[in-house]
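# Residue-level structural notes
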Amino acid sequence: MIVLIGASSDIGRQLLPKLLDKDNVLGTTRDVTKLSDFSGHDNFSCVELDLTDNSSIQNFCSEAGKISGQITFINLSSISIDKLFLGYTPEEWEAVLSVNLTGGMRILQSVIPLMMKSGWGRIISISSVVAQSSVVGAAAYSASKAAVKAMTRTLAHEYGRFGITANSLVLGYFNTGLINSLDSKRKQAVLDRIPSKKFGTCDDIFYAIEHIMKSGYLNGSEITIDGGLM
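A brief report on the enclosed structure follows.

Our focus in this paragraph is the packing of aromatic side chains. In this structure the tally under the stated criterion is five aromatic pairs. On the basis of an interplanar angle of 35° and a centroid distance of 6.2 Å, the ring pair of Tyr-159 and Phe-162 is categorised as tilted. When its relative accessible area of 22% is taken as the criterion, Tyr-159 is described as partly exposed. Assessed through its relative accessible area of 27%, Phe-162 is described here as partly exposed. Members of the aromatic cluster, joined through ring pairs, are Phe-85, Tyr-88 and Trp-93.

Spelled out as C-alpha cells, the structure:
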C-alpha cells in the first residue's frame, strides 16, 4: 500500500497514475472531489485530511491503522506563505509548520508501528532546495523543509533495524506546483540558474520514488533533484 499525503496537489495528481501502476494507493486531500476522476481505479481510495486540524489528523490516523502489509509513505504536503520574517503572524507560521512538518510527524507515529509489524517500510519525505539556500520571504517554508530533512534522517537511524528506510527528496524547481506562484521575471531568473534551462517534471520525481521503493539499503539519504541548480 502506498499512502500518499497531498494526493490532490499538482505533483500528487501527476504522480498518482504512475503510483497506481505500482501498488494500491490511499490518497489524502482536503477536498475528496478533487480526486473524483481517479475513483474508477479499483486500487485507489481517498480520505479527507486537513493537516491544520487535530480532529482530521486523528480521524485519518484511525483509518491508517487498518492498513496491513507493506507500506510506502510519501508526504507531498506543502504550503508556503511568502513574506518577510517580521511580517509573519503566529497563526501563519504555525500553519506552514503544521502542513509541512508537524502533521506528517503525527501520521508517521501511527504508520511506523504498522511498518515494524510487517518488517518493511519506505518513508519518503519531500524537502526543498530552499531549505539549504537563502530565499527572501521563505523563512517559515525553509525552516519547515530543513526540519523535514533532519527528522527523516533520524527516522532512518531509529527504525532501520526493522526493515524501514527513510529518505528525503530535495526538490528544485518543477514545471508544476509552487513555481506557478512566481511571476515571469522570477521564473526566468530561476531558469538562468539551471544548466539545461528547463524545469523538472514529475517523471523525475517518480523515478526517484521508484528507486527508493526497490532499495533496502538506500537509507537516511537526501536525494537532490534540481537539475544542477546553481
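On we go.
Running from N to C, helix α2 (residues 54-64) and helix α3 (residues 90-118) point in directions that differ by 15°, and their axes come no closer than 10 Å. Overall, the two elements α2 and α3 adopt an arrangement that is roughly parallel. Like other packed secondary-structure pairs, α2 and α3 cross with a definite hand, here right-handed. Residue-level inspection shows Asn-54, Ile-57, Gln-58, Phe-60, Cys-61 and Ala-64 of α2 in contact with α3, the latter providing Gly-103, Arg-106, Ile-107, Ser-110, Val-111 and Leu-114.

Attention now goes to the side chain of Thr-28. Structurally, the position occupied by Thr-28 is in strand β2 (residues 25-29). Accessibility expressed as a relative area gives 2% for Thr-28, which makes it buried. Reaching out from Thr-28, the side chain makes a polar contact with the backbone nitrogen of Gly-6 at a distance of 3.1 Å. Here Thr-28 is in contact with Leu-4, Ile-5, Gly-6, Ala-7, Ser-8, Val-47, Leu-49 and Phe-60, once residues within four sequence places are set aside.

This brings us to the sheet that holds strand β6 (residues 164-171). With respect to topology, seven strands assemble into an open sheet ordered β3-β2-β1-β4-β5-β6-β7, the strand pairing being parallel. One side of each edge strand has no neighbouring strand; the edge strands of this open sheet are β3 (44-48) and β7 (222-225). Taken pair by pair, the neighbouring strands of this sheet meet at an average axis angle of 20°, ignoring direction. Inspection of the sheet shows strand β1 (residues 2-5) paired to strand β4 (residues 71-75) by four bridges, in the parallel sense. If you follow Ile-2 over to β4, its bridge partner there is Thr-72. Relative to the sheet, α2 contacts β1, β2 and β3, its axis offset from that of β3 by approximately 150°. Those strands touched by α3 are β1, β4, β5 (121-128) and β6, and its axis lies near 170° from that of β4.

Attention now moves to helix α6 (residues 202-214). Under the 1.5 Å per step criterion, the end-to-end length of α6 is 19 Å for 13 residues, consistent within 8% with the ideal 18 Å. The elements touched by buried residues of α6 are β1, α1 (10-20), β4, β5, β6 and β7.

Here the focus is the nonpolar core. Core analysis: the biggest nonpolar cluster contains 28 residues, and Leu-15, Leu-16, Leu-19, Leu-169 and Ile-209 have the highest contact counts within it. Here this core gets seven residues from one element, more than from any other, and that element is α6. Leu-169 has contacts with Ile-124, Ser-125, Ile-126, Ser-127, Ile-205, Ala-208, Ile-209, Ile-212, Ile-223 and Ile-225, leaving out every residue within four places of it along the chain. In this structure, Cys-61, Phe-73, Leu-108 and Ala-156 belong to the second largest nonpolar core, which totals 25 residues.

Right, let's get into α1. Turning to α1, its buried residues are Ile-11, Gly-12, Leu-15, Leu-16, Leu-19 and Leu-20. Down the axis of α1, the sector holding all buried residues measures 140°, keeping them to one side. Elements in contact with the buried residues of α1: β1, β2, β3, β4, β6 and α6.

Moving on, we come to the pattern of salt bridges. All told, the structure shown has eight salt bridges when counted by the stated rule. As a salt-bridge pair, Glu-92 and Lys-83 come within 3.0 Å of each other at their nearest N and O atoms. Classification of Glu-92 by relative accessible area gives partly exposed; the value is 22%. With relative accessibility at 27%, the residue Lys-83 sits in the partly exposed group.

Reading the values: the criteria
Residues numbered from 1 in each chain as written. Predicted model: local features only at pLDDT ≥ 70, side-chain atom pairs only at ≥ 80, totals over all residues. Heavy atoms only, no water. Phe/Tyr/Trp six-rings, centres within 6.5 Å; stacked < 30°, edge-to-face > 60°. Buried < 20%, exposed > 50% of the residue type's maximum accessible area, 1.4 Å probe, protein only. Axes fitted to C-alpha atoms, helices over the stretch in contact; angles between N-to-C directions. Helix = DSSP H or I, 4+ residues; strand = E, 2+ residues; numbered from the N terminus. Parallel < 35°, antiparallel > 145°, perpendicular 65-115°, else oblique. Left-handed = near helix turned anticlockwise from the far one by under 90°. Contact = heavy atoms within 4.5 Å. Polar contact = N/O pair within 3.5 Å; in protein donor to acceptor, adjacent residues only side chain to side chain. Pairing = 2+ DSSP bridges. Expected span 1.5 Å × (residues − 1). Core = buried A, V, L, I, M, F, W, Y, C linked by side-chain atoms within 4.5 Å. Arc of directions from axis to C-beta. Salt bridge = Lys/Arg side-chain N within 4 Å of Asp/Glu carboxyl O.

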